[in-house]
Amino acid sequence: MDTIIVLDFGGQYCHLISRRVRELGVYCSVLPGNTKIEELKEITRLKGIILSGGAASVYDKTAPKCDERIFKSGIPLLGICYGLHLIAALNGGEVLSGKAGEFGLTLMEIKSQSQILCGLKTPVKVWMNHRDIATKIPAGYNVIASTSSSPIAAFECLAEGIFAVQFHPEVTHTDGGNLILENFVFGICSAKKEWDAASMIGEIKEEISQVIGSRKAIIGLSGGVDSSTAAMLVSNVIGKNLVAVYVDTGLMRQGETEFMKKAFPGLNLTIIDAHERFFDALKGVTEPEMKRKAIGKAFIEVFDEVAGKEKVEILIQGTIYSDRIESGITKNSSNIKSHHNVGGLPEHMRLQIYEPLRLLYKDEVRGIAKTIHLPEEITKRHVFPGPGLGIRIVGEVTEEKAHIARKANQIVEDELKQAKLYDKVWMGFAVLLPIKSVGIQGDSRSYKYPVVVRIIESKDAMTANFSRVPYDVLEKISTRITNEVAEVNRVVYDISNKPPATMEWE
């Protein structure tokens, strides 16, 4: 099928580019930024190449580079952010550090008509995330857009089929971002719509059979859509050779253990109460990354013990693309936070790790989950982090604080369901802060914890907006938490987007 390749230079949105192209119905894959032209030309029906963003400065000696022969390959090329810098710097232009960075929404003026910007009306709001700027373009290139801080915000070379934008069209904040990608994929690359996530089910099952064979495997089942989908796909292939383990860490949702007993009657499911082990592992730990790693280590200890009894060789994980990129799994990417099933794992493990969903995004996983008939109570469930409430409690995690956070989280979800907003937002939850504030309850002074409520909207977990929840719903949430959670006397609402914030607080 027609294919678009994204060359990865470490940008946090690299895999979001791939996801956006897949949404258009065209297959897209991510390869290392330094992939040679010979390897690229071996890809059947390669229609275009996109150079991703990245954290490096192109003028640094250690900055990642692409194979310069791609510029003369005749394959249409789109550079995004760092990709623009690469195209400029490697073709005789110039890139320098700007006097001021551009982070967030910026107004961009379109200077001339261009196929890549076709359909956009000037000025257009675009999402910027950079400090370096192109100060000179290569010979034969034309500037097609600019902003107040980036005189060269987009350029093109029609003779070589090369286009570049300083902003991020893959981010939902950019007006017309999808249109720009459509212009490139369909108008410039002439790719055909031939792909959807459901078409990957057969390939995933074939890979499961090849990787696992007749061996036994274990999976940590959390009840979320990722691990549930991975479990069902693997179970369909290897049957009872899959041992599903649900670990009650003491950091799970309200009533989660009871839910798990009912939700997976057909699986070979083992339920382990390990809350004491996890609270012991977290004692005195306050730094977020250390908490994630402590939780990851405790999980592996449990899985190792079960694997020893069951003679298991492989650990299945529901890791998806966004987990991997945020954990700094690719060569040039920054570690935003370690997901316990990626960057939080111990270096030395007895079990072989296998991640059947590693190339999929959250919405694609949900699509597969529906196709294989997982119940809606799982497919539509809000995201819950692998470390659980451990990262919704700022500072040291204790059993008492987990009890507070669990009740507050349940109230947020209950009220979103009551208001018929639960299915319209990506996730809603509560964060317990490690401070106390003065309040008045029952005509008396109180000195208790504040809780942060965070409700966000997203399509992919790579970017997000805070949800503009009606005030009356927020008031109900606040009233219930301060009335029903005795240790809390104040509720605040988080109105931060991602970026600059992340989905969770830790």
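Whatever comes next refers back to the structure up there.
Residues numbered from 1 in each chain as written. Predicted model: local features only at pLDDT ≥ 70, side-chain atom pairs only at ≥ 80, totals over all residues. Heavy atoms only, no water.

K.L.:
Give a detailed account of the packing of helix α8 (residues 275-282) against helix α9 (residues 288-310), specifying residues and quantitative values.
P.N.:
Two numbers describe a pair of packed helices, the interaxial angle and the distance between the axes. Running from N to C, α8 and α9 point in directions that differ by 145 degrees, and their axes come no closer than 9 Å. Between α8 and α9 lies a crossing whose hand is right-handed. Two secondary-structure elements touch here, α8 through Arg-277, Phe-278, Ala-281 and Leu-282 and α9 through Lys-291, Ala-294, Ile-295, Ala-298, Phe-299, Glu-301, Val-302 and Glu-305. Class assignment for the residues of the contact of α8 with α9 results in 8 nonpolar, no polar and 4 charged. (Axes fitted to C-alpha atoms, helices over the stretch in contact; angles between N-to-C directions. Helix = DSSP H or I, 4+ residues; strand = E, 2+ residues; numbered from the N terminus. Left-handed = near helix turned anticlockwise from the far one by under 90°. Contact = heavy atoms within 4.5 Å. Nonpolar A, V, L, I, M, F, W, Y, C, P; charged D, E, K, R; others polar.)

K.L.:
Please set out helix α7 (residues 256-263) residue by residue, giving values where relevant.
P.N.:
When α7 is considered as a whole, its buried residues turn out to be Glu-256, Thr-257, Phe-259, Met-260 and Ala-263. Buried residues of α7, seen end-on, are gathered within an arc of 155 degrees and therefore sit on one face of the element. Facing away from the buried side of α7, by more than 90 degrees, are the exposed residues Lys-261 and Lys-262. Its buried side turned inward, α7 meets β11 (242-248), β12 (269-273) and α12 (376-379). (Buried < 20%, exposed > 50% of the residue type's maximum accessible area, 1.4 Å probe, protein only. Arc of directions from axis to C-beta.)

K.L.:
Quick one: what's the story with the packing of aromatic side chains, residue by residue and with numbers?
P.N.:
In this description, a pair of aromatic rings is defined by centroid distance and the angle of the planes. Overall, the coordinates contain 5 aromatic pairs when judged by the stated rule. Their ring planes at 80 degrees and their centres at 5.5 Å tell us that Tyr-141 and Phe-155 sit as a pair that is edge-to-face. Of this pair, Tyr-141 sits in the loop between β6 (124-136) and β7 (142-146) while Phe-155 sits in strand β8 (residues 154-157), and the two are 14 residues apart along the sequence. The exposure class of Phe-155 is buried, given its relative accessible area of 0%. On the numbers, 5.9 Å between centres and 25 degrees between planes, the contact of Phe-299 with Phe-303 is stacked. You can see Phe-299 and its partner Phe-303 sitting in helix α9, 4 residues apart, about one turn around the helix. A network of ring pairs unites the aromatic residues Phe-278, Phe-299 and Phe-303 as a single cluster. (Phe/Tyr/Trp six-rings, centres within 6.5 Å; stacked < 30°, edge-to-face > 60°.)

K.L.:
Tell me about helix α6 (residues 225-238), residues and numbers included.
P.N.:
Counted at 1.5 Å a residue, the expected span for α6 with its 14 residues is 20 Å, and the 20 Å between its end C-alpha atoms agrees. Of all 14 residues making up α6, 11 are buried, and the element is well covered by its neighbours. The complete set of buried residues in α6 reads Val-225, Asp-226, Ser-227, Ser-228, Thr-229, Ala-230, Ala-231, Leu-233, Val-234, Ser-235 and Ile-238. One or two steps after α6, the chain reaches Gly-239, where phi turns positive at roughly 60 degrees. (Expected span 1.5 Å × (residues − 1).)

That's the geometry; what it means functionally is another story.
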